[in-house]
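# Examining the three-dimensional arrangement
Listed here are the chains, written in short residue letters.
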Amino acid sequence: MHHVVLERWSRGASPLHRRDPRAKFAALLVFLVVLATAHRALPLLAGAFLLLLGGTLVWARVPLAGAFRRAALVLPFTLLAGAVCWLGGDPARGVGLVLKSYLSALAVLTVVSTTPLPLLLRGLELVGAPRFLLMVAQFLYRYLFVISEEAQHMRSAAASRGFGRRSGGFRAAAGALAVLFARSYARAADIHRAMLARAFPGRFHTLGTLRFRVADAAFLALAALAPALIRAAIERLA
Amino acid sequence: MVAPAGFGSPGGTFLPLVLPCCVGVHIYDGFLSTPVWVAMDVAAAPAVGYMVRRAQRQFEESRIPLLGVMGAFVFAAQMINFPVGIGTSGHLVGGALLACTLGPAAAGVVLCAIIAIQALVFQDGGILALGPNLINMAILGVLAGYLPYYLWGGTPWRRVAIFAGGALSVMVSAIMALAELLISGVPMSRSVVGVSLTLFLVSALLEGAITLAVVQALEAIQPGFVRQPAAGRSFARGALGLAAVVLAAVGFLFASTAPDGIESLGHTTGMDHVRRLFTTPLAGYQLALAGEPWLRKTAAGLAGIAIVYGACLLIGRSVARRGRA
């Protein structure tokens, strides 16, 4: 499997990596809500939150520039929405919208880049998210790269046979997708049989149980208080 | 409308692939006003729970790999370009195709998983905006995409139904997203709304054409992939139901663009000062009594969703009863 940069980051060994996924997710929610409900002195607040998240990323030994660049994936669409606000005569809202969505993406990235996805999903399951859905998500993530590569191969094969965009390929593209669908379906059947052969009990086992320790509670308290206090201080000052 | 999200990384790039938001129009954290995302999150939780239960009843747990792999298929399908005209191409969005092959509940679950993975791993969509995105695409999008097929999938109008399903699924989720942005107070002039609606219409028609082409190709490979709905539902009743759903969505949009009656009333009568007294000192957003514009807007939004829900439910019930009779 090709390495995905996020996957590599999430296997690190910093104090933040060791925290319970539930604590991290709860802290993330608090941060997002504090940010989403803020209206006053937004640029100042955004600067402070950027420092907070940047500090957290450095603490977690996640490459800072890489994380900032990756969070910038939200920018194309966000800048468009910001421009719409600006043109609509509300530049402050446009700026706020761009700042908020960038910081939210960075916050999500901070959690996801310090928690392997299976652990994060397991944590969500323990707080009551439907297991069926989470298992589907887990399988989706596992096979995302496999099926994507298969599609990539099909595309290369088509291109190497001189199959360009000009040669009226709407039906051919539909055929290719249908083949991809059939292959994915067959692969799912194979996976299912292999799982049955290995006595799949209907749920995933994780190595080691998740335990919510004192350190996790302390982290959660600190991580939940920090953004709230920063916002209160800035709103008092501004 | 389409946010490219690559695997760009400093060290080594993963596949040189671009993953545009594959299930339609994503809303990011920070786009919606607090009452709107809170209301949509609250509405999404039971809806997703219900859908998961239905899917679970239909697919025993051992079939989970199928749903996961089909979600991966929808992701990968972005890489197959469908040429349309000179230099432009589209790609499959997938809601209606999944509904025609796996059934609506399972398709909804697959789309939920896709939207969650996109928000977590690909920075495409937000966590607080998960509720709005799930309702727009995984619930209403799938229902709207399946409805025409459910009604006319067994009649000579089958091809039209598949086409309409693809188009409707994209159109309904796009209209919902647009309406939520408008309710949140994103200032959009009529021309901006018009241009977006035109773009949505074009991509909706494209999605209809792609869905139809793929379903036909699938049936050529193996007919068993595509579900066969019961034949001969009432045409008039179906058309009526479909019109109701479309009208509810469009009406929702128009309600969200309507001028703020109570707000202007407040300005003219000097009620503004009174209202300011009730705001909490704690936060920038107003957490005050009834009559606040956001409360009204949220109520309007929830009413809109309730109407769409109700329309779908009533049509479903009546059609089911007819089917049994």
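Everything numeric here is computed off the predicted structure, so don't read it as measured data.

## Here we look at the overall build of chain B
When its secondary structure is counted, chain B shows 11 helices and 4 strands. In chain B, which comprises 325 residues, the proportion classed as buried is 57%. Considering only residue pairs separated by 6 or more positions, chain B has 75% of its internal contacts joining residues 24 or more positions apart.

## Considerations on the overall build of chain A
In terms of helices and strands, chain A carries 11 helices and 0 strands. Moving toward the C terminus, one meets the helices and strands of chain A in the order α-α-α-α-α-α-α-α-α-α-α. Its C-alpha atoms give chain A a radius of gyration of 22 Å, more than 25% over the compact-globule value 18 Å for 238 residues. Seen through its C-alpha atoms, chain A measures out along the principal axes to roughly 65 × 50 × 30 Å.

## Some words on helix H2 (residues 64–76) of chain B
For H2 of chain B, spanning 13 residues, the distance from its first C-alpha to its last is 19 Å, which sits close to the expected 18 Å at 1.5 Å a residue. With 13 of its 13 residues buried, H2 of chain B lies for the most part within the structure.

## Remarks on the environment of Gly 71 of chain B
Of note, Gly 71 of chain B is situated in helix H2. By relative accessible area, which is 0% here, Gly 71 of chain B ends up buried. Considered as a pair, Gly 71 of chain B and Val 110 of chain B are 39 residues apart in the sequence and their alpha carbons are 5.5 Å apart. Apart from residues lying up to four places away in sequence, Gly 71 of chain B is in contact with Leu 140 of chain A together with Val 110 and Ile 114 of chain B.

## Thoughts on unusual backbone geometry
Residues and elements named next belong to chain A. The backbone phi angle of Arg 61 is positive, close to 55 degrees, even though this residue is not glycine. Relative to the helices and strands, Arg 61 resides in the loop between helix H4 (42–59) and helix H5 (64–71). For Arg 61, a relative accessible area of 61% gives the class exposed. The backbone phi angle of Ala 199 is positive, close to 60 degrees, even though this residue is not glycine.

## Comments concerning the packing of helix H5 (residues 130–152) of chain B against helix H6 (residues 158–183) of chain B
Residues and elements named next belong to chain B. Remark: H5 packs on H6, axes separated minimally by 7 Å, with the N-to-C direction vectors making an angle of 155 degrees. Between H5 and H6, the crossing angle belongs to the class labelled roughly antiparallel. Handedness of the crossing formed by H5 with H6: right-handed. Judged by residue contacts, Pro 132, Asn 136, Met 137, Leu 140, Gly 141, Ala 144, Gly 145, Pro 148, Tyr 149 and Trp 152 of H5 engage Arg 158, Ala 161, Ile 162, Ala 164, Gly 165, Leu 168, Ser 169, Val 172, Ser 173, Met 176, Ala 177 and Glu 180 from H6. Looking at the contact of H5 with H6 residue by residue, the class counts come to 14 nonpolar, 6 polar and 2 charged.

## Here we look at the interface of chain B and chain A
Note on interface size: it is often stated as the accessible area lost on association of the parts. The interface of chain B with chain A comprises 83 residues on the first partner and 79 residues on the second. Together chain B and chain A conceal approximately 7300 Å² of surface at their shared face, both sides included; 79% is due to carbon and sulfur atoms. Of all residues in chain B, the largest losses of buried area upon contact with chain A belong to Ile 64, Leu 120 and Gln 123 of chain B, amounting jointly to 9% of the total for that side. Run the count over chain B and chain A and you get 0 salt bridges. Taken together, the links from chain B to chain A amount to 5 residue pairs in polar contact (both at pLDDT 80 or more). Of all the elements in the fold, those that place two or more residues in the side of chain B that touches chain A are strand S1 (4–6), helix H1 (34–58), H2, strand S3 (82–83), helix H4 (104–121) and helix H7 (190–221) of chain B. With 12 residues, H2 of chain B is the single largest residue contributor to the side of chain B that touches chain A. Its residues assigned to classes, the side of chain B that touches chain A comprises 62 nonpolar, 18 polar and 3 charged.

## Section: helix H6 (residues 75–87) of chain A
Residue and element names in this part refer to chain A. Counted at 1.5 Å a residue, the expected span for H6 with its 13 residues is 18 Å, and the 18 Å between its end C-alpha atoms agrees. Listed as buried for H6 are Phe 77, Thr 78, Ala 81, Gly 82 and Cys 85. What you see down the axis of H6 is that its buried residues fit within an arc of 135 degrees, all on one side. Exposed residues lying more than 90 degrees from the buried face of H6 are Trp 86 and Leu 87. For H6, the elements touching its buried residues are helix H7 (91–112). One or two residues past the end of H6 sits Gly 89, with phi positive at roughly 90 degrees.

## Brief notes about the domain arrangement of chain A
Residues and elements named next belong to chain A. Looking at chain A, the domain boundaries give domain 1 (5–124 + 209–237) and domain 2 (131–197). At the interface, 5 residues of domain 1 touch 4 residues of domain 2. Of the roughly 440 Å² buried between domain 1 and domain 2, counting both surfaces, carbon and sulfur atoms make up 69%. The largest contributions to the domain 1 side of the interface with domain 2 come from Glu 7, Leu 117 and Leu 121, which together make up 75% of the buried area. Here domain 1 and domain 2 share 0 salt bridges between them. Seen at the junction of domain 1 and domain 2, the total is 1 residue pair in polar contact (both at pLDDT 80 or more). In terms of residue class, the side of domain 1 that touches domain 2 is built from 4 nonpolar, no polar and 1 charged.

About the cut-offs
- Residues numbered from 1 in each chain as written.
- Chains lettered and ligands numbered in written order.
- Predicted model: local features only at pLDDT ≥ 70, side-chain atom pairs only at ≥ 80, totals over all residues.
- Heavy atoms only, no water.
- Helix = DSSP H or I, 4+ residues; strand = E, 2+ residues; numbered from the N terminus.
- Buried < 20%, exposed > 50% of the residue type's maximum accessible area, 1.4 Å probe, protein only.
- Contact = heavy atoms within 4.5 Å.
- Rg over C-alpha atoms; globule rule 2.2 N^0.38 Å.
- Expected span 1.5 Å × (residues − 1).
- Axes fitted to C-alpha atoms, helices over the stretch in contact; angles between N-to-C directions.
- Parallel < 35°, antiparallel > 145°, perpendicular 65-115°, else oblique.
- Left-handed = near helix turned anticlockwise from the far one by under 90°.
- Nonpolar A, V, L, I, M, F, W, Y, C, P; charged D, E, K, R; others polar.
- Buried area = accessible area lost by both parts, 1.4 Å probe.
- Salt bridge = Lys/Arg side-chain N within 4 Å of Asp/Glu carboxyl O.
- Polar contact = N/O pair within 3.5 Å; in protein donor to acceptor, adjacent residues only side chain to side chain.
- Arc of directions from axis to C-beta.
- Domains from an automatic or database assignment.

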